[in-house]
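Examination of the molecular architecture
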Amino acid sequence: MAESGDATNSANEAVRDPGVAAIKLQYRTTKDHFHEYINSGRNKNLKLADKDHPIDGEVTEGSADCDLPEHKAKRMKLDENSENIKNESEKDNSESCQKEEEHKQINKKARGQNKNRPHMKPKHYEHDQKLCTSVCQEPPIKCYFGEKCRFLHDVSKYLESKPSDLGDHCHLYATYGRCQYGVTCRYAKSHIGPNNKNLINEDLTKTWEGTVVVKNSLSKDLQQILRKKKFHFDKSEQYLKQLNKGNKCENHSNAAKKTFAQSKCIEEQVITSNSTEMKLPIGISDRVIEEKDSSVGSQDCINAELPSVFNSENTLNNGQEPESTQVNVEINEMSTFSGTDTDIAKSIKDDNEGIISTKTLGVVTDEDIIKVRACEKKQLNFKDKLYLAPLTTCGNLPFRRICKRFGADITCGEMAMCIKLLQGQSSEWALLKRHYTEDLFGVQLEGAFPDTMTKCAELLNQNIDVDFVDINVGCPIDLVYHKGGGCGLMNRLSKLEQIVKGMTSVLDVPLTAKLRTGVHEKINIAHKIIPNLRDCGLSLVTLHGRSREQRYTKLSDWEYIDHCAQLANPMPLFGNGDILSFEDANRVKATTSVSGIMIARGALIKPWIFTEIKEQRHWDISSRERFEILQDFRNYGLEHWGSDTQGVEKSRKFLLEWLSFLCRYIPIGLLERIPQKINERPPYYLGRDYLETLMASQNVSDWIKISEMLLGPVPPNFSFLPKHKANSYK
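Residues numbered from 1 in each chain as written. Predicted model: local features only at pLDDT ≥ 70, side-chain atom pairs only at ≥ 80, totals over all residues. Heavy atoms only, no water.

1. Quick word on the overall build of the protein chain
Along the protein chain, the regular secondary structure elements total 32 helices and 10 strands. Of all 730 residues assigned to the protein chain, the portion counted as buried reaches 48%. For the protein chain, the proportion of contacts with a sequence separation of at least 24, taken over those separated by at least 6, is 72%. Carbon and sulfur atoms make up 49% of the accessible area of the protein chain, which amounts to about 39,200 Å² in all. (Helix = DSSP H or I, 4+ residues; strand = E, 2+ residues; numbered from the N terminus. Buried < 20%, exposed > 50% of the residue type's maximum accessible area, 1.4 Å probe, protein only. Contact = heavy atoms within 4.5 Å. Areas by Shrake-Rupley, 256 points an atom, 1.4 Å probe, with all protein chains shown as cover.)

Now the structure itself:
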């Protein structure tokens with residue numbers, strides 16, 4: 001018996017592939033059997049709640065084309081003459097080559113992003129006849145465009161072409177007592193009365209009076225000011241003017257060195273011509289040059305100490321050091337020098353007079369006289385808190401609400417481009433929205449230059465409600481990196497320091513940054529950057545234990561994160577990378593000096609990870625509970641993006657993006673070894689029920705099936721590909 005048992009174990013080990021999660025043998029299956037099981041139960045086990053909807057096989061017939069596209073074999077360009085002389089042998093060769101190319105593309109592992117994936121905006125899925133927003137409001141208002149409006153104003157005509165409703169329960173009406181989308185709502189049956197009047201539940205609406213559910217929206221007035229470039233950046237302009245002076249002094253530092261080198265000769269001539277034949281003590285000229293060099297580039301370059309060469313006789317007679325001279329005195333004394341230095345001094349004087357002559361209106365407050373110190377700014381206690389990472393595309397407001405419900409302490413909005421925010425783009429400002437349940441919330445900004453980042457920080461400081469602002473120093477996307485932003489700032493340390501100093505000077509809330517170990521693989525540079533950022537006034541740093549080139553090919557380097565955390569002290573440092581269970585979190589806290597952990601992909605794969613960490617347990621969550629999480633996301637999405645056709649399709653899009661990560665989760669009860677590792681890919685397995693098996697599918701068509709269970713059938717021209725190629729295969 002022992003021998004047979006050993007043989008079985010050895011056979012199981014032989015079957016198990018490296019990098020594949022260990023699943024109990026009774027649940028494992030083959031690829032063909034897996035898809036056969038999914039297709040066989042597609043029309044039997046699971047059906048939509050609305051009986052009017054077509055069955056899934058009919059609806060998803062057009063969505064079968066949503067699998068990853070295969071690149072076509074390259075075709076040779078033929079001239080007109082050569083086309084006439086083609087023979088059958090060439091056709092056979094071209095066909096065989098094409099088959100070989102297709103075979104290679106099938107076997108080739110998909111990597112990177114689907115940069116050329118088909119992208120259709122949700123508004124394109126709406127039918128041609130769209131109702132004007134002026135008619136949807138209660139009571140209806142006069143249309144601003146009048147007869148030139150290209151939308152419908154006849155409600156009855158609109159209802160004739162409107163798609164059928166998705167259900168008779170509107171989440172917005174049931175929660176808030178009123179649905180602002182009226183007859184355009186895809187659940188309008190629940191709140192449309194006689195004569196197509198939108199019903200209102202007065203009792204529910206009173207309970208929400210005075211409550212701002214979503215903050216940080218862009219007002220029309222502010223948008224117009226930004227588009228016309230009439231917003232006043234007073235603090236930013238002051239800092240940038242000061243920064244330009246420093247750069248100006250730095251650019252002329254070489255000229256200043258040459259000038260003072262020439263002053264040695266002038267000093268010797270003056271001293272030798274003096275009747276007392278006094279000699280300049282050794283070392284004074286060198287000290288004068290060193291003092292000038294140390295003052296160049298500093299904020300006090302206006303009042304730099306320049307000892308007068310022509311007063312050296314009096315200085316030596318009195319036995320005292322030369323006093324610091326004012327700018328106007330320097331100009332007179334340096335008149336015998338080269339014309340370049342005279343121009344420099346005059347420009348410095350003009351800038352100084354410009355600052356002094358600046359006049360303000362209104363009552364003088366303490367903020368006008370006393371500058372707030374860093375220790376007096378708003379402070380946050382991040383110690384041992386669970387931080388949900390800012391996630392592009394998937395880290396939207398509905399997803400953050402899901403994670404907040406499961407125990408996330410700190411949430412941060414998606415990466416927002418500072419230039420687009422300064423331009424007043426509504427789509428970019430939507431990334432800054434904050435739900436009232438997010439008690440510790442921040443926004444993340446991306447930029448490459450001090451002027452735009454400082455102005456954007458001042459703009460947000462005056463117009464939105466946040467607890468901290470984060471700088472993106474880790475984005476690996478080529479579009480961002482090649483412009484000098486994101487991870488590109490790690491190679492531009494001087495610009496990064498200027499950005500941190502500028503944003504700190506205009507913000508009333510703490511400033512944080514998220515960065516990687518470096519740009520190139522095996523070349524870590526974060527340990528050189530973090531101490532400088534701490535000295536510039538940064539409140540917190542989050543370090544992802546991978547480089548830009550490495551991406552997710554290897555495990556996160558927590559030993560290096562620990563080393564950087566010790567260098568960052570007393571500034572708190574959060575670690576990020578490969579946290580998928582409470583055991584991973586405990587190991588990191590016990591073996592490193594980090595102040596807390598940030599969770600990114602782990603939250604996308606299993607958002608209940610925050611509950612597991614706080615309760616110190618493995619949660620064998622059922623498929624029904626996971627489906628209820630998706631239902632909550634659907635409801636939150638309808639709140640955030642709308643319950644009309646455009647909002648439904650936008651909710652579907654972000655749901656499908658999230659499902660590309662959720663399918664990687666393996667239920668606890670199926671694992672041979674607990675917990676699941678984030679770098680282990682799930683094999684083909686049959687779950688404990690059909691829904692659990694469907695959620696484990698890596699195929700886009702199955703994700704669309706799940707979305708149809710929540711949001712109804714997809715439009716006829718619907719298509720979807722995940723952001724990353726490796727997220728979907730069959």
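2. A look at helix α26 (residues 582–591)
For α26, the full list of buried residues reads Phe582, Asp584, Ala585 and Val588. Viewed end-on, α26 has its buried residues packed into an arc of 160 degrees, placing them on one side of the element. With respect to the buried face of α26, the exposed residues turned more than 90 degrees away are Ala590 and Thr591. Buried-residue contacts for α26 involve α25 (558–568), β10 (596–599) and α28 (609–615). (Arc of directions from axis to C-beta.)

3. With respect to the nonpolar core
Judged by nonpolar contacts, the single largest core of 144 residues is most densely connected at Met503, Leu573 and Leu630. Per-element tally for this core: the top contributor is helix α30 (residues 645–662), with eight residues. Among residues more than four places away in sequence, those in contact with Leu573 are Ile530, Val541, Leu543, Ile561, Cys564, Ala565, Ala568, Val594, Ser595 and Gly596. Core analysis: the next-biggest nonpolar cluster, separate from the first, contains 10 residues, Leu131, Cys132, Val155 and Tyr158 among them. (Core = buried A, V, L, I, M, F, W, Y, C linked by side-chain atoms within 4.5 Å.)

4. A closer look at the packing of helix α23 (residues 493–506) against helix α24 (residues 526–535)
Running from N to C, α23 and α24 cross one another at 30 degrees; their axes reach a closest spacing of 10 Å. Regarding the angle of α23 to α24, the classification is roughly parallel. In the packing of α23 onto α24, the handedness of the crossing is right-handed. Contact residues: Leu493, Leu496, Glu497 and Val500 in α23; Ile529, Asn532 and Leu533 in α24. Its residues assigned to classes, the contact of α23 with α24 shows five nonpolar, one polar and one charged. (Axes fitted to C-alpha atoms, helices over the stretch in contact; angles between N-to-C directions. Parallel < 35°, antiparallel > 145°, perpendicular 65-115°, else oblique. Left-handed = near helix turned anticlockwise from the far one by under 90°. Nonpolar A, V, L, I, M, F, W, Y, C, P; charged D, E, K, R; others polar.)

5. Details of the side chain of Ser707
Residue position: Ser707 is located in helix α32 (residues 700–711). Apart from the residues lying within four places of it in its own chain, the contact partners of Ser707 are Arg652, Leu655, Leu656 and Gly712.

6. Some remarks on the sheet that holds strand β9 (residues 573–576)
With parallel pairing, the eight strands of this open sheet are ordered in space as β2-β10-β9-β8-β7-β6-β5-β3. Each having just a single partner strand, β2 (386–388) and β3 (411–417) make up the two edges of the open sheet. Each strand of the sheet is rotated relative to its neighbour by a mean of 25 degrees, with strand direction disregarded. Note that β2 and β10 share three bridges and pair parallel. Paired with Tyr387 across the bridge in β10 is Met598. Lying over the sheet, helix α18 (residues 397–405) contacts β2, β3 and β5 (441–446), oriented at roughly 160 degrees with respect to β3. Sheet strands touched by α23: β5, β6 (468–473) and β7 (511–516). Its angle to β6, the strand with the most contacts, is close to 170 degrees. (Pairing = 2+ DSSP bridges.)

7. Concerning the packing of aromatic side chains
Enumeration according to the criterion identifies 15 aromatic pairs in this entry. Judged by centre distance (5.6 Å) and plane angle (55 degrees), the rings of Tyr37 and Tyr690 are tilted. Separated by 653 residues along the polypeptide, Tyr37 in helix α2 (residues 31–40) and Tyr690 in helix α31 (residues 690–695) bring together distant segments of the chain. Judged by its relative accessible area of 27%, Tyr37 falls in the partly exposed class. For Tyr690, a relative accessible area of 5% translates into the label buried. With a centroid separation of 5.2 Å and an interplanar angle of 50 degrees, the aromatic rings of Phe633 and Trp658 are classed as tilted. With a gap of 25 residues between them, Phe633 in helix α29 (residues 623–641) and Trp658 in helix α30 connect regions that are remote in the sequence. According to the relative accessible area criterion, Phe633 is buried, its value standing at 2%. (Phe/Tyr/Trp six-rings, centres within 6.5 Å; stacked < 30°, edge-to-face > 60°.)

8. A closer look at unusual backbone geometry
Residues Asn569 and Pro570 are joined by a peptide bond in cis, for which omega reads 10 degrees. Checked against the element boundaries, Pro570 lands in the loop between α25 and β9. Residue Ile674 is joined to Pro675 through a cis peptide bond whose omega torsion reads 5 degrees. By the secondary structure assignment, Pro675 is in the loop between α30 and α31. A positive phi angle, close to 60 degrees, is found at Asp384, a residue other than glycine. Structurally, Asp384 can be placed in the loop between α17 (366–369) and β2. Here Asp384 falls in the partly exposed class, since its relative accessible area comes to 48%.

9. Focus: the packing of α29 against α32
Their axes nearest at 10 Å, the elements α29 and α32 cross at an angle of 65 degrees. Of the two elements, α29 crosses α32, and the hand of that crossing is right-handed. In this structure, α29 contributes Phe627, Leu630, Gln631, Arg634 and Leu638 to the contact, and α32 contributes Ile706, Met709, Leu710 and Leu711. Class assignment of the residues belonging to the contact of α29 with α32 gives a composition of seven nonpolar, one polar and one charged.

10. A look at the pairing of strand β8 (residues 540–544)
A regular strand carries its side chains on alternate faces of the sheet. Of all five residues making up β8, five are buried, and the element is well covered by its neighbours. Burial along β8 is two-sided: the residues Leu540, Thr542 and His544 and Val541 and Leu543 are all buried. Pairing of β7 with β8, which is carried by five bridges, proceeds in the parallel orientation. Looking at β8, one finds that Lys514 is bridged to Thr542. The parallel pair β7 and β8 is bridged by α24, and the resulting crossover is right-handed. (Right-handed = clockwise from strand over helix to strand, strands pointing away.)

The analysis is restricted to geometry; functional conclusions fall outside its scope.
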